[in-house]
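So you can see what is in the structure, the chains are spelled out below.
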Amino acid sequence: MQPVVIIGSGLAGYNVARELRKLDKEAPLAIVTADGGEFYSKPTLSNALAANKTPAAIPLNTPEQMAAQLNATVRTHTRVTAIRTDAHQVKISEETLPYSKLVLALGADQIRVPLAGNATDAVLSVNSLDDYARFRAAIESKKNVAVIGAGLIGCEFANDLSSTGYKVDVVDIADQPLPRLLPPAGAALLKEKLAALGVTWHLGASVKAVDREPDAIKVTLVNGEAIVADVVLSAVGLKAKLELARAAGLTINRGIVVNRYLETSAADVFAIGDCAEVEGLVLPFVMPIMHAARALAATLAGNRTAVSYPAMPVLVKTPACPTIVAPPANGAVGEWRVEQHADSVKSLFIDATGRLLGFALNGSAAAERARLAQQLPPVLA
Ligand SMILES: Cc1cc2nc3c(=O)[nH]c(=O)nc-3n(C[C@H](O)[C@H](O)[C@H](O)COP(=O)(O)OP(=O)(O)OC[C@H]3O[C@@H](n4cnc5c(N)ncnc54)[C@H](O)[C@@H]3O)c2cc1C
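Below you will find a few notes about this structure. Note that the structure is a prediction, hence the values are computed from the model and not measured.

About the criteria used
Along each chain, the written sequence defines residue order, and numbers are assigned to residues from 1. Only residues with pLDDT of at least 70 are given local features in this predicted model, and only at 80 or more are side-chain atom pairs given and counted; all residues enter the totals for whole chains, interfaces and linings. Water and hydrogen atoms play no part in the side-chain values, which are based on all heavy atoms of the structure. In these notes, residues near a molecule or strand are those with any non-hydrogen atom within 4 Å of it. Here a polar contact is taken to be a pair of N or O atoms separated by no more than 3.5 Å, where protein atoms must pair a possible hydrogen donor with a possible acceptor and residues adjacent in sequence count only if both atoms sit in side chains. Under the convention used here, a 1.4 Å probe and the Shrake-Rupley method define accessible areas, while residue burial counts only the protein chains that appear. Starting at the N terminus, helices and strands are each numbered in turn, a helix being any DSSP run of H or I of at least four residues and a strand any DSSP run of E of at least two. Any carboxyl oxygen of Asp or Glu within 4 Å of a side-chain nitrogen of Lys or Arg constitutes a salt bridge here. We call a residue buried when its accessible area falls under 20% of the maximum for its residue type, exposed when it is over 50%, and partly exposed in between, using a 1.4 Å probe and counting protein chains only. In this analysis, axes come from line fits to C-alpha atoms, helices being fitted only over the stretch in contact, and the angle between any two N-to-C directions falls in the range 0 to 180 degrees. Our angle categories are set so that under 35 degrees counts as roughly parallel, over 145 as roughly antiparallel, 65 to 115 as roughly perpendicular, and the remainder as oblique. A crossing counts as left-handed when the near helix is turned anticlockwise from the far one by less than a right angle, and as right-handed when that turn is clockwise. Only heavy atoms matter for contacts: two residues are in contact if any of them lie within 4.5 Å across the pair. For this classification, the nonpolar set comprises Ala, Val, Leu, Ile, Met, Phe, Trp, Tyr, Cys and Pro, the charged set comprises Asp, Glu, Lys and Arg, and every other residue, Gly included, is treated as polar. To pair, rings of Phe, Tyr and Trp, with the six-membered ring standing in for Trp, must have centres within 6.5 Å; the planes then decide the type, stacked if under 30 degrees apart, edge-to-face if over 60, and tilted in the middle. In short, DSSP must find at least two bridges between two strands for them to pair. Residue types Ala, Val, Leu, Ile, Met, Phe, Trp, Tyr and Cys, when buried and joined through side-chain atoms within 4.5 Å, form a set referred to as a nonpolar core.

Right, let's get into the site of the ligand. Near the ligand there are 34 residues, and of these A12, D35, D274, V286 and K317 occur at the shortest range. A distance of 3.0 Å separates an oxygen atom of the ligand from a polar side-chain atom of K42. Within the backbone of L106, a nitrogen or oxygen atom sits 3.4 Å from an oxygen atom of the ligand. Protein coverage of the free-state accessible area of the ligand, which is 1,000 Å², stands at 93%. Mapped onto the shell around the ligand, the elements with two or more residues apiece are helix 1 (11-23), helix 4 (152-162) and helix 7 (286-300). The dominant element in the shell around the ligand, judged by the number of residues it contributes, is helix 4, at 3 residues.

Take the pattern of salt bridges next. In the structure shown here, the tally under the stated rule is 13 salt bridges. Ionic pairing is found between R75 and E95, a salt bridge with its closest N-O pair at 2.8 Å. Placement of the pair is R75 in strand 3 (residues 73-75) and E95 in strand 6 (residues 95-98), with a sequence separation of 20 residues. Judged by its relative accessible area of 30%, R75 falls in the partly exposed class. With relative accessibility at 35%, the residue E95 sits in the partly exposed group. Two residues, K167 and D169, come together in a salt bridge whose shortest N-O distance is 3.2 Å. A residue is classified by how much of its surface remains accessible, and D169, at 6% relative accessible area, is buried. Salt bridges linked by common partners bring K346, E368 and R371 together as one network.

The residue H88 is not glycine, and still its phi comes out positive at about 55 degrees. Along the chain, H88 turns up in the loop between strand 4 (82-84) and strand 5 (89-92). Unlike most non-glycine residues, D268 shows phi in positive territory, near 65 degrees. Looking at the element boundaries, D268 is found in the loop between strand 18 (256-258) and strand 19 (269-271).

Closest axis-to-axis distance for the helix 1/helix 7 pair is 8 Å, and the angle between their directions is 40 degrees. By the angle between their axes, helix 1 is oblique relative to helix 7. Both helix 1 and helix 7 take part in a crossing whose hand is right-handed. Contacts from L11, A12, N15, V16, E19, L20 and L23 in helix 1 reach V286, I289, M290, A293, R294, L296, A297, A298 and L300 in helix 7. Among the residues forming the contact of helix 1 with helix 7, the class breakdown is 13 nonpolar, 1 polar and 2 charged.

Here the focus is the packing of aromatic side chains. In this structure the tally under the stated criterion is 5 aromatic pairs. Note on F135 and F157: the rings are 5.7 Å apart at their centroids and 70 degrees apart in plane angle, and the pair reads as edge-to-face. Here F135 is found in helix 3 (residues 129-139), whereas its partner F157 is found in helix 4, with 22 residues between them in sequence. Note on accessibility: F135 and F157 belong to one class, buried. Note on W336 and F349: the rings are 5.3 Å apart at their centroids and 70 degrees apart in plane angle, and the pair reads as edge-to-face.

Turning our eyes to something else, we now look at the sheet that holds strand 12 (residues 200-203). Strands sit in the order 9-16-10-11-12 across an open sheet of 5 strands; the sheet is parallel. On the outer flanks of this sheet lie strand 9 (123-124) and strand 12, each paired with one strand and no other. Of the pairings in the sheet, the one linking strand 11 (residues 167-172) to strand 12 comprises 4 bridges and is parallel in character. Bridge pairing links V170 to W201 in strand 12. Packed on one face of the sheet, helix 3 meets strand 9, strand 10 (144-148) and strand 16 (231-234) and runs near 155 degrees to strand 16. Sheet contacts for helix 4: strand 10, strand 11, strand 12 and strand 16; angle to strand 11, the most-contacted strand, approximately 165 degrees.

Attention now goes to the environment of C275. Along the chain, C275 turns up in the loop between strand 19 and strand 20 (276-278). Overall, C275 belongs to the buried group, its relative accessible area being 0%. When the C-alpha positions of C275 and K241 are compared, they lie 5.5 Å apart, and in sequence the two are 34 residues distant. Apart from residues lying up to four places away in sequence, C275 is in contact with L104, A105, L106, G107, A240, K241, L242, G255 and I256.

Within the largest apolar cluster, 59 residues are counted, with the highest numbers of intra-cluster contacts made by I7, L102, L104, I256 and I272. Residue contributions to this core peak at 7 residues, all from helix 7. Once residues within four sequence positions are removed from consideration, I256 is found in contact with L104, L106, K241, L242, A245, L250, T251, T264, A271, C275, A276 and E277. Within the second largest apolar cluster, 40 residues are counted, among which are L129, F157, L178 and L181.

The structure is reproduced here in structure tokens:
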């Protein structure tokens, strides 16, 4: 029998493998990954400074340990260059590897905004352990970090860096942090608490250019303002890795298009995690991966199983202002009702019949997460 081949050793790839092994201990399994194949929890990257963790201390398992645990082969630093769906093969340069079933767990790339200036090559982004090691080396014995993007990842890094002594400037084109996740009142509290920690906000502003100065990088905003930084971190969003799927003729949209069974448009090819668009939803978070991995593992083990998603509130790791968001579904009709106190903002998205469709909890209101989550409709019933 040809092996099940999983491309990618992130949370999606390794969790599918783990779940499959609970159901089938013997089916041949091969994991191929472009990175080092260490098992690590990516969310720890944005609070590793405060947790006093070096990049080397972040991996939980080596690829050899994973191979043994999973009764699988794990090929590291190996990039799949093409997929031949008709022949049930993947290509690794000139080599071909046959598969019985193929799982694409390719992840996403950080979006890079086009910038002028002569220091664009020095703008870093963090979406992997290797990126993070580069970032940590860059900030070593430095002081000033400019963060482009006040989304989840930008805010988490801003909190982690400023709470450990860095001076942080955050720039975002929106006029509030977490523009896609928080209504204005909650965003205002987050903004205030991070400012109290030492974050300088530059909102409603975008970066025009980054240039080398003798001892720093000058970040020039479109409004003419200039920020002096040692390191620039860009965190303006993610785009699913689509090239392999596109070249193989799979249906793609914002992600690799899959149905509730995580099936792509090609027979025996599945996609999961940050690269996948499941019934129109691209959800680059851990919880959807856990649910999808269980369903996909059952399918791979011969019991075709649809994924369903319960409500999955996301914890934003900004300890300066605990924040939990469960955004209403796209196009949901309702209104935000906001309850505000000195150190908390509770924003509930309610429809005309009084049903709770989403929420954002900031500060001490975060403690209500479990109770409110129970009232939310499932993301995918
Ligand atoms: C800083 C940070 C903090 C986060 N915090 C949270 C959080 O608190 N809560 C939460 O829910 N989510 C969080 N997330 C999001 C979450 O970490 C991701 O959704 C999840 O890790 C994605 O896993 P993945 O396996 O889909 O992708 P990835 O981890 O990106 O894995 C992709 C894998 O595919 C491999 N690959 C790609 N192309 C090829 C190829 N051609 N050949 C071979 N291998 C290939 C890569 O090497 C890699 O191993 C955070 C993300 C970041 C960056």
